[in-house]
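Summary of the model geometry
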Amino acid sequence: MTRYSLHTPYRRDRSYRLRTYSQCFVGSEAVTFMSQKGLAKSREQALEILNKLHRLGVIRHVVNEHIVKDDYLFCNVSQKIRLPCNKQ
């Protein structure tokens, strides 16, 4: 079985309203990734999994204003979780 992490090509620095958010991903891209890689049977199930990770404190909205949504919202891995950097 192949192991995946949140270190996908989608995780990178992003800007919105003149502010840059470090090493974040877009909620809808994470949903697509999980669906395409077979980590979830549907977009709805992918969103459920991502929100469970949100409730557990593994991932979060960059300014803590939203749960994970299948939308263009930035999320990142919690600072409490240490993962190696995705250098490309």
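The following refers to the structure shown. (Residues numbered from 1 in each chain as written. Predicted model: local features only at pLDDT ≥ 70, side-chain atom pairs only at ≥ 80, totals over all residues. Heavy atoms only, no water.)

Before going further, it helps to spend a moment on the sheet that holds strand β2 (residues 19-26). Spatial ordering of the open sheet is given by β1-β2-β4-β3, a layout of four strands whose pairing is antiparallel. A single partner strand is all that each edge strand has here, and the edge strands are β1 (12-16) and β3 (59-61). When strand polarity is set aside, the average angle formed by the axes of neighbouring strands in this sheet is 55°. The pairing of β1 with β2 spans four bridges and is antiparallel. Bridge pairing links Ser 15 to Thr 20 in β2. Contacting β1 and β2, helix α1 (residues 27-36) runs over the sheet at an angle of about 20° to β2. (Pairing = 2+ DSSP bridges. Helix = DSSP H or I, 4+ residues; strand = E, 2+ residues; numbered from the N terminus. Axes fitted to C-alpha atoms, helices over the stretch in contact; angles between N-to-C directions. Contact = heavy atoms within 4.5 Å.)

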